[in-house]
Amino acid sequence: MKRKGIKNLIVDFGGVLIDLDRQRCLENFKKLGLPDVEHALDIYHQQDFFQHYEKGLISSADFRNVIRGKIGKDVADARIDAAWNSFLVNIPTCKLDLLLALRKDYVVYLLSNTNAVSYTHLRAHETLANL
């Protein structure tokens, strides 16, 4: 039975539903040879080409090409994608269970600025399967 009053809930995906590991992501980009990655992936928000990608202003191919240009060597798409997706950790079962329970009484919307690389990764790993 739906409750009177609040009918809809909006849940943010990154950092609220799914746990994020910025440090792991930074380390993986450093291993690829990306200089000054700490500046571009600031603790509070992305900057430069990372921000452009998150906002959908550049394509996945352009994102990867910018990284290759900054690294100065050819790096496979899969390695860049793996470094980027290392930001994503997991969805704790308790959070998923809570969301599924809330769906009984509310219309639950998932809000995200998830990019194509991360979305493909999450779908492949069935992280979003139950949402």
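To keep things clear, this report deals only with the structure shown in the data block. Please read these numbers as outputs of a predicted model, since none were measured by experiment. (Residues numbered from 1 in each chain as written. Predicted model: local features only at pLDDT ≥ 70, side-chain atom pairs only at ≥ 80, totals over all residues. Heavy atoms only, no water.)

Some words on the overall build of the protein chain
A count of helices and strands for the protein chain gives seven helices and two strands. Its helices and strands in sequence order give the protein chain the pattern β-α-α-α-α-α-α-β-α, from N to C terminus. Viewed in the frame of its principal axes, the protein chain has a C-alpha envelope of about 60 × 25 × 25 Å. Looking at the 131 residues of the protein chain, the share that counts as buried comes to 31%. Taking as baseline every contact in the protein chain between residues at least 6 positions apart, the subset at least 24 positions apart corresponds to 69%. Carbon and sulfur atoms make up 53% of the accessible area of the protein chain, which amounts to about 8200 Å² in all. Across the protein chain, 18 positive and 16 negative side-chain charges occur, with their mean positions spaced 7 Å apart. (Helix = DSSP H or I, 4+ residues; strand = E, 2+ residues; numbered from the N terminus. Buried < 20%, exposed > 50% of the residue type's maximum accessible area, 1.4 Å probe, protein only. Contact = heavy atoms within 4.5 Å. Areas by Shrake-Rupley, 256 points an atom, 1.4 Å probe, with all protein chains shown as cover. Lys, Arg positive; Asp, Glu negative; His and termini not counted. Charge placed at Lys NZ, Arg CZ, Asp CG, Glu CD.)

A look at the side chain of Asp-81
Following the sequence through the fold, Asp-81 ends up in helix α5 (residues 77–85). When neighbours within four sequence positions are excluded, Asp-81 is seen to be in contact with Arg-64 and Val-117.

Some words on the environment of Glu-27
Checked against the element boundaries, Glu-27 lands in helix α1 (residues 22–32). Each C-alpha atom of the pair Glu-27 and Ser-86 lies 9.4 Å from the other, and the pair is 59 residues apart in sequence.

Topic: the packing of aromatic side chains
Applying the stated rule across the entire model yields nine aromatic pairs. Taking 5.4 Å as the distance between ring centres and 75 degrees as the angle between the ring planes, the aromatic pair formed by Phe-29 and Phe-50 counts as edge-to-face. Of this pair, Phe-29 sits in helix α1 while Phe-50 sits in helix α3 (residues 48–54), and the two are 21 residues apart along the sequence. This pair shows no difference in class: Phe-29 is buried, exactly as Phe-50 is. (Phe/Tyr/Trp six-rings, centres within 6.5 Å; stacked < 30°, edge-to-face > 60°.)

Observations concerning the side chain of Ser-86
Relative to the helices and strands, Ser-86 is located in the loop between α5 and α6 (93–102). Ser-86 sits in the buried class, given a relative accessible area of 9%. Among the polar contacts made by the side chain of Ser-86, one reaches the side chain of Asn-28 at a distance of 2.9 Å. Of the polar contacts made by the side chain of Ser-86, one reaches the backbone oxygen of Ala-83; its length is 2.6 Å. Ignoring sequence-local partners within four residues, the contact set of Ser-86 consists of Asp-21, Arg-24, Cys-25 and Asn-28. (Polar contact = N/O pair within 3.5 Å; in protein donor to acceptor, adjacent residues only side chain to side chain.)

All we've got here are geometric facts, nothing functional implied.
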